[in-house]
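Survey of secondary and tertiary structure
Single-letter residue listing:
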Amino acid sequence: MSPPRPTSVPETATFDDNDQLWELGERDPEARKIGAWIYWRPDGSKECEETWGDGRTRLTYRRFHPDGSVAQSGAKDLVRDLWVGRPRWTRIEGDSPEHRHWPVSGTPAARAYEMTIDDDGWVVDERLFDAAGARITQGGAPFPPIPEGLPDNAFLTSGDRLWVSQSRSLDNARRRGAYAVWDRNGVLQERQQYDDAGAEKPLRREQYKSGALWSLLEQRGAERVQSFFRRQSGGEPVLRSSTIYRDGDQDREETLYDEHGVRRYSVRMEKVSAGHVRRYDDGQLVFEAIWDSDAPAVPPQKVAYYGEDGGLLVDYRSLGDGKGELRLHLGGAPQALPIDDEADRNKYGNWSRLLPGFAHYEADRTQRDWQVVTERFLAALDEHRFAELLAAQPIPDALAPTLKRVKWAKIRAVGDGPAIDKLLVTLLGDDAAAAQRAHELLWGRIEQQDCVFAATYAVAETLARLLPLVTGEAPRRRVLKNLADIVSLPALAHEDERRFADVVAAARAVLPELAAFVRTADDADGRAVMHLLALLGEPEALRARLDDAGASLETRAFAACALAACRDLAEAQRAETVLHLRRVFDGEPDPGLKVILGLLVRLTGSEDAPRDPAVDALLVHYILHPAEQDRLFAAWRPVIGFLGDDIPSMLMRAIPPEVRLEHIDAMLDRLPTRGSLDQATDLDILFATLFPAGADQELSPLHRKALRIAADLVDAHPGFVNHGEIFPKHALPWDSFRLRELARAGAE
């Protein structure tokens, strides 16, 4: 049943129950709309006007908001069933049923949107306008000038960070022809080429870094080719690697090139079928395996690695019950490596593990595949033999009571590796090679990616208890070094405070032995134990070592840092430490150690300590004369872990902010010459000095200079994660365009 007819709707109009609209217009004998058609909403407001002409050629239309203003307009080629021309949408203040057709999201300031559609129905231009009719960006900002060299249809996207030029389908699912992306400054980032008929995937895709070609992906008939490039010193990109994908991704061949773009070699992995794989080194077959992944209990039909002459290098023999042996053929009787995971290798296709991972080849490799296979086989065999030695290792009676205090088989550790008590016994033995192997395996069980475990604490405490029982010089050194290294792990102190207290108590019980070692050991082991004394808060031996004129420069420098880092010192002890460092500073002849002492005086002293002109002058001198910093390296090298940063960054961090500000212009000038990581550290320090209130402050020429230099660094290292932390930290934009705009605004 039709609703009441509003007075604005003519008597000849009819109500369409499906669309819930009043409509008025003519149809031809074939029921096609022709001529003018008008539609009204049930409330009588006009919704749409259409002009169909003969119903076969062209349609134009306009839709309206309830207040009568145009909400949308456009045209369609009825012959080809394509939208064409320049359709336009508008929004009004307040609600409107037409807003459901508004095609833009995330730009509240936009009041009009229009696109340009070419004669083939592809969108080639898109524009947004505000209430005043001025063009704006998707972010709502005034539309800026398009950078020189970019096409007129370029528009900003991705938070107004990127320029894009494209020809796309109305549903945005396909593109055709050229597609390109530039950064805000107009530097090319990406270029794609699509089929002229339109497609979802490009025929060719180029990616750029800092304007130089970095990667290329293209379809060549049935083959897909992906290439990566590097920049030569002259700036021209040359090939770094190129991979051909055949038969989908079942057959991959990668060719690697040297720094000049000259071909070095190729590697290929061919997946013949689900359980049949071949590998090639520069065209030569080096591996083939055939197995049934659906029946992992069935021994593989073939596993073979081939040598330089194409002869058999390694094969596999199944011994039943999921076990077997890989056999290395180097002349004479083959060497056998037992394995007990035959079923897993079948299930997951892991028979090629003696080869390098396919993604891990480098152009400057020094070994061919058969050499790697031989080396890895012998290493695995050596590991197997060491495991047998370890399993047979007896526990000496003298060490047994201490080792048995811990239930090693049940304690939480990394993985299911060798027994920790057996590793400790081997570590303290007379066989230096076996001890080194035990050391490596032990650390693999007690530490993983800076994480510690119950076993970590137990090993540290056990080493401290074992120290008085170990008599040989080399074994004692191993105990001391490993104890010091474990206690120095950053996570140990806070992961389990109760267990850490037990470790500290055990270490304090052997404090005289620790101090005696520090006073005589003039090497890396001695410095490791110095660190341990600093963590225990024991400065006496460290002070004595710093004052020891007979000790090496490296040891004295390390002693100074350890002394400054001593934990849990009372205020009076801390003040005495600073005075001691300052006294040594006055008489120190070595420039590197003198600078370290000056740094420690500044960093260890209280924040309200008066300026020290002699210290400040020395530190500033080396900031302003970077060529002289080479003189500092000998003392600096062993203490970099304590100081945390490189020489220039530590010098900048140590001088007071007011002194830094006096010389900051020179510091900015040298910033572009620094490495990317050092630059990030320097930016953090410089931003803290120049922008304590972020960008919301009055900008001097020095501020603007810093912003322009920072913008250049962002361009030089796009997406550098360290920058992503530093710029927001100081309330500054991590965007080179916005940094330059900010500098320019500050100059106006």
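Data block above holds the structure.
Residues numbered from 1 in each chain as written. Predicted model: local features only at pLDDT ≥ 70, side-chain atom pairs only at ≥ 80, totals over all residues. Heavy atoms only, no water.

1. Examining the side chain of R674
Applicable threshold: Helix and strand definitions here come from DSSP, where helices need a minimum of 4 consecutive H or I residues and strands a minimum of 2 consecutive E residues; each element is numbered from the N-terminal end. Relative accessibility decides the category of a residue: with a 1.4 Å probe and only protein chains considered, values under 20% of the type maximum give buried, values over 50% give exposed, and everything between is partly exposed. Contact between two residues is taken to exist if any of their heavy atoms lie within 4.5 Å; hydrogens are not considered.
Position of R674 relative to the elements: it lies in the loop between α21 (664–670) and α22 (676–690). The class for R674 is buried, based on a relative accessible area of 13%. With residues near it in sequence (within four places) discarded, R674 still touches D646, P648, S649, Q679 and D682.

2. Considering helix α6 (residues 454–466)
Formally: Expected helix span is computed as 1.5 Å times (number of residues minus one).
The terminal C-alpha atoms of α6, which comprises 13 residues, lie 18 Å apart, in line with the 18 Å expected from a rise of 1.5 Å per residue. Buried residues of α6: A454, A455, T456, Y457, A458, V459, A460, E461, T462, L463, A464 and L466, and no others.

3. What about the nonpolar core?
Buried together is how nonpolar side chains tend to be arranged in soluble globular proteins. The following threshold applies: We call a set of buried Ala, Val, Leu, Ile, Met, Phe, Trp, Tyr and Cys residues a nonpolar core when their side-chain atoms join them within 4.5 Å.
Counting residues in hydrophobic clusters, the biggest one holds 125 residues, and the most contacted among them are L424, V459, I486, L514, L581, V595 and I596. If we ignore the near neighbours within four places in the chain, the residues touching I596 are A557, C561, A635, W636, V639 and L643. Membership of the second largest hydrophobic core comes to 21 residues, among which are A289, W291, V303 and I339.

4. Details of the pattern of salt bridges
Oppositely charged side chains can form a pair if their charged atoms are brought close together. Put simply, the rule reads: Only one rule defines a salt bridge in this text: a Lys or Arg side-chain nitrogen within 4 Å of an Asp or Glu carboxyl oxygen.
Tallying each qualifying case throughout the model produces 68 salt bridges. Taking the shortest distance from any N to any O, the salt bridge between D118 and R176 comes out at 2.8 Å. With D118 in the loop between β8 (112–117) and β9 (123–129) and R176 in strand β13 (residues 175–183), this pair connects stretches of sequence that are 58 residues apart. In this structure D118 comes out as buried when scored by relative accessible area, which is 18%. Because the salt bridges share partners, they merge into one network encompassing E223, R246, D251, E253, R268, E270, R278, E288 and K302.

5. Thoughts on the packing of aromatic side chains
For any pair of aromatic rings, the description rests on two quantities: the centre-to-centre distance and the angle between the ring planes. Rule in force here: In this analysis, rings of Phe, Tyr and Trp, with Trp reduced to its six-membered ring, are considered paired at centre separations within 6.5 Å, and the interplanar angle assigns stacked below 30 degrees, edge-to-face beyond 60, and tilted for intermediate values. In this scheme, the term charge over a ring applies when either NZ of a lysine or CZ of an arginine sits within 6 Å of the ring centre and within 35 degrees of the ring normal.
Here the structure, examined in full by the defined rule, presents twelve aromatic pairs. Consider the rings of Y316 and W351, whose centres lie 4.8 Å apart with planes at 55°: the pair is tilted. Of this pair, Y316 sits in strand β24 (residues 312–320) while W351 sits in the loop between α1 (342–348) and α2 (369–391), placing them 35 residues apart in sequence. Residue placement shows R224 over the ring face of Y245; its charged tip is 4.3 Å from the ring centre.

6. Things to note about the sheet that holds strand β1 (residues 14–16)
The condition is simple: Pairing between strands requires that DSSP locate at least two bridges from one strand to the other.
Read from one edge of the open sheet, ten strands run β1-β2-β3-β4-β5-β6-β7-β8-β9-β10, paired in antiparallel fashion. Strands at the two margins of the open sheet, each flanked by one partner only, are β1 and β10 (135–136). Direction of pairing for strand β7 (residues 82–90) relative to β8: antiparallel, over a ladder of four bridges. Bridge pairing in β8 places G85 opposite I117.

7. Describing the environment of R345
Here R345 is to be found in helix α1. Classification of R345 as buried rests on a relative accessible area of 7%. Linking R345 and L618, residues 273 residues apart in sequence, is a C-alpha distance of 63 Å. R345 has contacts with L326, I339, N350, W351 and R353, leaving out every residue within four places of it along the chain.

8. As for the packing of helix α15 (residues 591–604) against helix α19 (residues 647–654)
Convention followed: Whenever a helix is involved, its axis is fitted only over the stretch in contact; in every case the axis is a line through C-alpha atoms, and angles between N-to-C directions fall within 0 to 180 degrees. Each angle receives one of four descriptions, namely roughly parallel if under 35 degrees, roughly antiparallel if over 145, roughly perpendicular if within 65 to 115, and oblique otherwise. Each crossing is labelled by how the near helix is turned from the far one, with a counterclockwise turn of less than a right angle marking it left-handed and a clockwise turn marking it right-handed. Residue classes follow a fixed rule: Ala, Val, Leu, Ile, Met, Phe, Trp, Tyr, Cys and Pro count as nonpolar, while Asp, Glu, Lys and Arg count as charged, and any other residue, Gly among them, counts as polar.
Contact pair α15 / α19: the axes reach a minimum separation of 9 Å and the direction vectors enclose 40°. Judged on the interaxial angle alone, α19 and α15 are oblique. The handedness of the crossing between α15 and α19 comes out as left-handed. When α15 is examined against α19, the residues V595, L599, R602 and L603 are found in contact with a partner set consisting of M650, L651, R653 and A654. When its residues are assigned to classes, the contact of α15 with α19 shows six nonpolar, no polar and two charged.

9. Digging into unusual backbone geometry
In most cases, non-glycine residues show a negative phi, while peptide bonds are predominantly trans. Phi at D160 is positive, roughly 65°, even though this residue is not glycine. Tracing the backbone through its elements, the reader meets D160 in the loop between β11 (155–157) and β12 (162–165). Its identity is not glycine, yet D568 carries a phi of approximately 60°, on the positive side. Here D568 shows up in the loop between α13 (553–564) and α14 (571–587).

10. Notes on the side chain of E47
Take E47: it is sitting in strand β4 (residues 46–51). The exposure class assigned to E47 is buried, which follows from its relative accessible area of 8%. Once you skip the residues sitting within four places of it in the chain, E47 turns out to touch L21, Y39, W40, R41, R62, R63, F64, E98 and R100.

11. Re the pairing of strand β6 (residues 70–77)
For β6, a buried count of six out of eight residues is recorded, marking the element as mostly surrounded by other parts of the structure. Sheet analysis places strand β5 (residues 58–64) next to β6, joined by seven bridges and oriented antiparallel. Each bridged residue has a counterpart across the sheet, and for F64 the counterpart in β6 is V70. Hairpin connection of β5 to β6: five residues between the antiparallel strands, including G68 at a positive phi of 95°. Inspection of the sheet shows β6 paired to β7 by five bridges, in the antiparallel sense. When the sheet's bridge partners are listed, D77 is paired in β7 with L82. Linking β6 to β7, which pair antiparallel, is a turn of four residues; within it D81 sits at a positive phi near 55°.

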